[in-house]
Structure formats: C-alpha cells, structure tokens
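# Commentary on secondary and tertiary structure
Below, each chain spelled out in residue letters.
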Amino acid sequence: MRSDGSALNLRRWWRSAGFAWAGLAFAFRTQANFRIELVCAALAVLAALWLGVPGAPVLLACALVLALELMNTAVEAVVDLVSPDVHPLAKVAKDASAAAVLLACLGAVLVAGVTLLPALLARLGL
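Given the structure is predicted, the values throughout are model-derived calculations rather than measurements.

It is worth spelling out the environment of F28 at this point. Topologically, F28 is positioned in helix α1 (residues 10–30). Overall, F28 belongs to the partly exposed group, its relative accessible area being 41%. Setting aside chain neighbours within four positions, we find F28 in contact with F34, R35 and L38.

We now examine the nonpolar core. Counting 12 residues, the largest nonpolar core is built from A27, F34, A41, A44, A48, L51, V53, V58, C62, L66, L116 and A119. The dominant element in this core, judged by the number of residues it contributes, is helix α2 (residues 32–51), at 5 residues. Excluding anything up to four places from it in sequence, F34 contacts L24, A27, F28, L66, E69 and L70.

Next up on the list: α2. A rise of 1.5 Å per residue sets the reference length of α2, with its 20 residues, at 28 Å; its end C-alpha atoms lie 28 Å apart and thus fit the reference within 8%. Residues of α2 that are buried include every one of F34, E37, A41, A44, A48 and L51, and no others. Buried residues of α2, viewed axially, fall in a sector of 125°; they line one side. Summarising the geometry of α2, the exposed residues directed more than 90 degrees from the buried face are L43, L46 and L49. At its buried positions, α2 is contacted by α1, α3 (56–82), α4 (88–115) and α5 (117–123). Following α2 by one or two positions, G52 has its phi on the positive side, about 70°.

When its volume is computed, the largest pocket comes out at roughly 290 Å³. Around the largest pocket, the lining comprises 16 residues; the ones closest to its centre are C40, A41, A44, C62 and A108. When residues of the lining of the largest pocket are traced back to their parent elements, those giving at least two are α2, α3 and α4. Ranked by the residues each element gives to the lining of the largest pocket, the list is headed by α2, at 6 residues. Of the residues belonging to the lining of the largest pocket, the class tally is 15 nonpolar, no polar and 1 charged.

Scoring rules and cut-offs
- The residue count restarts for each chain, going from 1 along the sequence in the order it is written.
- Selection of residues for local features in this predicted model requires a pLDDT of at least 70, selection of side-chain atom pairs for listing and counting requires 80 or more, and totals for whole chains, interfaces and linings are taken over all residues.
- No hydrogens and no water enter the side-chain calculation; it runs on all heavy atoms of the structure.
- Comment: elements are numbered from the N terminus, with helices defined as DSSP H or I runs of at least four residues and strands as E runs of at least two.
- Each residue gets one of three labels from its accessible area relative to the maximum for its type: buried under 20%, exposed over 50%, partly exposed in between, using a 1.4 Å probe on protein chains only.
- Whether two residues touch is decided by their heavy atoms; if any such pair falls within 4.5 Å, the residues are in contact.
- By nonpolar core we mean a set of buried residues, namely Ala, Val, Leu, Ile, Met, Phe, Trp, Tyr and Cys, connected to one another through side-chain atoms within 4.5 Å.
- Multiplying 1.5 Å by the residue count of a helix minus one yields the expected span of that helix.
- Arc definition: directions from the helix axis to the C-beta atoms.
- A cavity here means a set of points on a 1 Å grid, drawn over the protein atoms and nothing else, where a 1.4 Å probe fits but cannot get out; a pocket is an open set with protein on both sides within 12 Å along at least five of seven lines, and a residue lines either one if it has an atom within 4 Å of a point.
- Grid points are joined across faces, edges and corners, and a volume is the space filled by probe spheres set on the points.
- For this classification, the nonpolar set comprises Ala, Val, Leu, Ile, Met, Phe, Trp, Tyr, Cys and Pro, the charged set comprises Asp, Glu, Lys and Arg, and every other residue, Gly included, is treated as polar.

Right, dumping it as structure tokens:
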C-alpha cells in the first residue's frame, strides 16, 4: 500500500475519497440489494423526520446496513478473484458475509419498530 505523506494532507484525503466514491458508485450500479437498502434507508429517515423522532438510531442502523452491504460486495469480489471455481470455503465466506447484512437488516427493522412504530401509531391515533 502506498502512502502519500501525512494523513492530514488534503490531496491524499481527496484521492482516498475518490476511491471510496468509486466503490459506492460500483455498488449502486451493480448491486440491486444496495439500491433497495438505500431506498429503505431514505424512507426510514424521511419517516423519522415526519414523525419527529430522534434520527440518530435510524441513521446509525441505516449506515450499518449499507456499510455491511458494501463489505459483502467487497468480500464477494475478492472471493471470486481468488477462487473462480466453486469451493466450500468460498461459499462459507460469501454466506457469512451475506449473513452479516441480514443480521444488520433485522436489527434495523427492530430499531424501526422501537423508534418509529410508537410515533406512527400515535400519529394515526391508535
């Protein structure tokens, strides 16, 4: 890995941000689940704003799901690179990575239930 000097160097930071943006763009273009999760995140944040509930838990849950989806994409790419043929350990790596996303999604649904549902029921008069 190459280092371009101080971590506080603006040029180095901008270059790193460009790599990160390329990863986001790749995931958005190629991963249907990432796009679905992004729409769900936007809806959850809008619901939190509309309901006037604290946004931090919703934002953190959404960020966790999206970050793990990006990690899942990275794991799948690396596994496909090093093991283009079917291999039991490659399957374990991909399945475990997908399970991390699933677990985060379930956690995000719980956060929504605890954070958004009471305010939604109150707003609906139920």
